[in-house]
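The primary structure of each chain is shown beneath.
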Amino acid sequence: MVAWEPDLYRRFEAERSQPAKDLLARIELKTPSQIVDLGCGPATSTDVLADRYPDAEILGVDNSEAMLESARQRLPEARFEAHDIADWRPGATPDLIFANAALQWVPDHATLLPRLLGLLAPGGALAVQMPDNHDEPTHTLMREVAAEEPWAAAFGDPAALRSPLASASDYYDLLASRASRVDIWRTTYLHPMPSAQAIVDWMRGSHLKLFLERLEPAQRPAFVDRYAQAIEKAYPHRTDGRLLLAFPRLFFVAMR
Ligand SMILES: C[S@@+](CC[C@H](N)C(=O)[O-])C[C@H]1O[C@@H](n2cnc3c(N)ncnc32)[C@H](O)[C@@H]1O
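As the structure is a computational prediction, the values presented were derived from the model and not from experiment.

Asker: Break down the overall build of the protein for me, with residues and values.
Answerer: For the protein, the count of helices and strands is 11 helices and 7 strands. Expressed as lengths along the three principal axes of its C-alpha atoms, the size of the protein is roughly 55 × 40 × 40 Å. Taking as baseline every contact in the protein between residues at least 6 positions apart, the subset at least 24 positions apart corresponds to 77%. On the protein, roughly 11700 Å² of surface is accessible, and the fraction owed to carbon and sulfur atoms is 49%. Measuring between centres, the 27 positive side-chain charges of the protein sit 2 Å from its 36 negative side-chain charges.

Asker: Lay out the sheet that holds strand 5 (residues 125-131) in plain terms, naming residues and giving numbers.
Answerer: The mixed open sheet is built from 7 strands, whose spatial order is 3-2-1-4-5-7-6. At either margin of the open sheet sits one strand with a lone partner, and together these are strand 3 (79-82) and strand 6 (181-193). Taking the axes of each pair of neighbouring strands and ignoring which way they run, one obtains an average angle of 20° across the sheet.

Asker: Outline the packing of helix 2 (residues 13-25) against helix 3 (residues 44-52), listing residues and values.
Answerer: Contact geometry of helix 2 with helix 3 gives a least axis separation of 9 Å together with a crossing angle of 40°. Viewed along their axes, helix 2 and helix 3 adopt a mutual orientation that is oblique. For helix 2 against helix 3, the interelement crossing comes out right-handed. Between helix 2, through Glu13, Ser17, Ala20, Lys21, Leu24 and Ala25, and helix 3, the contact on the second element is made entirely by Thr44, Ser45, Val48, Leu49 and Arg52. A class-by-class count of the residues in the contact of helix 2 with helix 3 yields 5 nonpolar, 3 polar and 3 charged.

Asker: Got a sec to walk through the site of the ligand? Specific residues and values, please.
Answerer: Around the ligand there are 18 residues in total, and Tyr9, Gly39, Thr44, Asp62 and Asn100 lie nearest to it. One of the side-chain nitrogen or oxygen atoms of Ser45 is found 2.8 Å away from a nitrogen atom of the ligand.

Asker: Lay out helix 4 (residues 65-74) in plain terms, naming residues and giving numbers.
Answerer: Every buried residue of helix 4 is listed here: Met67, Leu68, Ser70 and Ala71. Down the axis of helix 4, the buried side of the element spans an arc of 165°, and every buried residue falls inside it. Those residues of helix 4 that are exposed and angled more than 90 degrees off the buried face are Glu69 and Gln73. Packed against the buried residues of helix 4 are helix 1 (6-10), strand 2 (57-62) and strand 3.

Asker: So, the side chain of Ser45: which residues are in play, and what are the values?
Answerer: Among the structural elements, Ser45 can be located in helix 3. Judged by its relative accessible area of 3%, Ser45 falls in the buried class.

Asker: So what's going on with the pattern of salt bridges? Residues and values would help.
Answerer: In the structure shown here, the tally under the stated rule is 10 salt bridges. For Arg74, the salt bridge goes to Glu13, with nearest N and O atoms at 2.7 Å. Linking Arg74 in helix 4 with Glu13 in helix 2, this pair joins segments that are 61 residues apart in sequence. Taking relative accessible area as the criterion, Glu13 reaches 22% and is therefore assigned partly exposed. Linking Asp47 and Arg74 is a salt bridge whose minimum nitrogen-to-oxygen distance equals 2.8 Å. Here Arg74 lies in helix 4 and Asp47 lies in helix 3, a separation of 27 residues in the sequence.

Asker: For the environment of Ala153, give the residues involved together with the corresponding values.
Answerer: Structurally, Ala153 is set in helix 7 (residues 152-155). Considered as a pair, Ala153 and Leu215 are 62 residues apart in the sequence and their alpha carbons are 9.8 Å apart.

Asker: Describe the packing of aromatic side chains, listing the residues and the values that go with them.
Answerer: Summed over the entire model, instances satisfying the criterion amount to 11 aromatic pairs. A centroid spacing of 5.3 Å and a plane angle of 85° characterise the contact between Trp151 and Phe223, whose relative ring orientation is edge-to-face. Pair noted here: Trp151 is in the loop between helix 6 (137-146) and helix 7 and Phe223 is in helix 11 (residues 220-234), with a separation of 72 residues, a long-range link. Plain terms: the ring middles of Phe155 and Phe223 are 5.7 Å apart, the flat faces sit at 35° to each other, and that makes the pair tilted. Here Phe155, found in helix 7, pairs with Phe223, found in helix 11; they are 68 residues apart in sequence, far enough to count as distant. Both residues of the pair, Phe155 and Phe223, count as buried. Within the aromatic cluster, the residues linked to one another by ring pairs are Trp151, Phe155, Phe211 and Phe223. Stacked on the ring of Tyr189, the Lys or Arg Arg249 has its end atom at 6.0 Å from the ring centre. Against the face of Phe247 rests Arg249, its NZ or CZ located 3.9 Å from the ring centre.

Definitions and cut-offs
Residues numbered from 1 in each chain as written. Predicted model: local features only at pLDDT ≥ 70, side-chain atom pairs only at ≥ 80, totals over all residues. Heavy atoms only, no water. Helix = DSSP H or I, 4+ residues; strand = E, 2+ residues; numbered from the N terminus. Contact = heavy atoms within 4.5 Å. Areas by Shrake-Rupley, 256 points an atom, 1.4 Å probe, with all protein chains shown as cover. Lys, Arg positive; Asp, Glu negative; His and termini not counted. Charge placed at Lys NZ, Arg CZ, Asp CG, Glu CD. Pairing = 2+ DSSP bridges. Axes fitted to C-alpha atoms, helices over the stretch in contact; angles between N-to-C directions. Parallel < 35°, antiparallel > 145°, perpendicular 65-115°, else oblique. Left-handed = near helix turned anticlockwise from the far one by under 90°. Nonpolar A, V, L, I, M, F, W, Y, C, P; charged D, E, K, R; others polar. Near = heavy atom within 4 Å. Polar contact = N/O pair within 3.5 Å; in protein donor to acceptor, adjacent residues only side chain to side chain. Buried < 20%, exposed > 50% of the residue type's maximum accessible area, 1.4 Å probe, protein only. Arc of directions from axis to C-beta. Salt bridge = Lys/Arg side-chain N within 4 Å of Asp/Glu carboxyl O. Phe/Tyr/Trp six-rings, centres within 6.5 Å; stacked < 30°, edge-to-face > 60°. Lys NZ or Arg CZ within 6 Å of the ring centre and 35° of its normal.

So far we have only geometry, and geometry alone does not tell us how the molecule works.
Structure below.
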């Protein structure tokens, strides 16, 4: 397991917390009293929730001790607990379950999402955002490099490391029969990035972990260098010298 690195993760905090703010903007709950932030990380998303709902009791849940420690330092007024989202159950019934950029790490959404919806208080909301970038160069190039020698043997089929998200229509179908209302949308963010290395560093803080943990520690630097070369070619410099990172994301808010 390659550990989550809160400091590396927070390097792109502005870009990573914008989707949390956009998700929150679509939640109509006025005064939820119990809020849970699933996969809270270093409390970037929890902070956004605490700003909007200062009177709520907020619980952050994560299975990385490093992330939880960073979260507790950042937001001492919230409570943070170690659990795996797949089998987490709340103590108090939540009015809002929020999961920003977390559920893509948890398998079997066909079981997970109805279960989470069923944990809510009547009238409560399940609000989710997930990266939907399986077919972006950031991700296709990771799989292509993983299929090259000398790394191919460590990966088998690199495509099996993470399945693409289901379509928005499939998520709608899964939620609509169990929710009183579902809002669902997909957006592509376009992030101006200073360099190819910055794109690589962003990925090192999240999806690239999946690949690096298949390799011996001594193999990892060469894999990252080869990936960085591929990224450099795939993202041309714009007129201001920056690279434009396209980052599609899927969102939904399902009301119980
Ligand atoms: C990309 S970060 C998102 C952090 C935060 N929500 C944000 O908006 O910046 C994903 C987080 O999900 C956590 N995570 C991944 N799989 C998990 C699981 N099965 N159970 C609990 N937390 C998990 C990771 O430890 C990580 O902190």
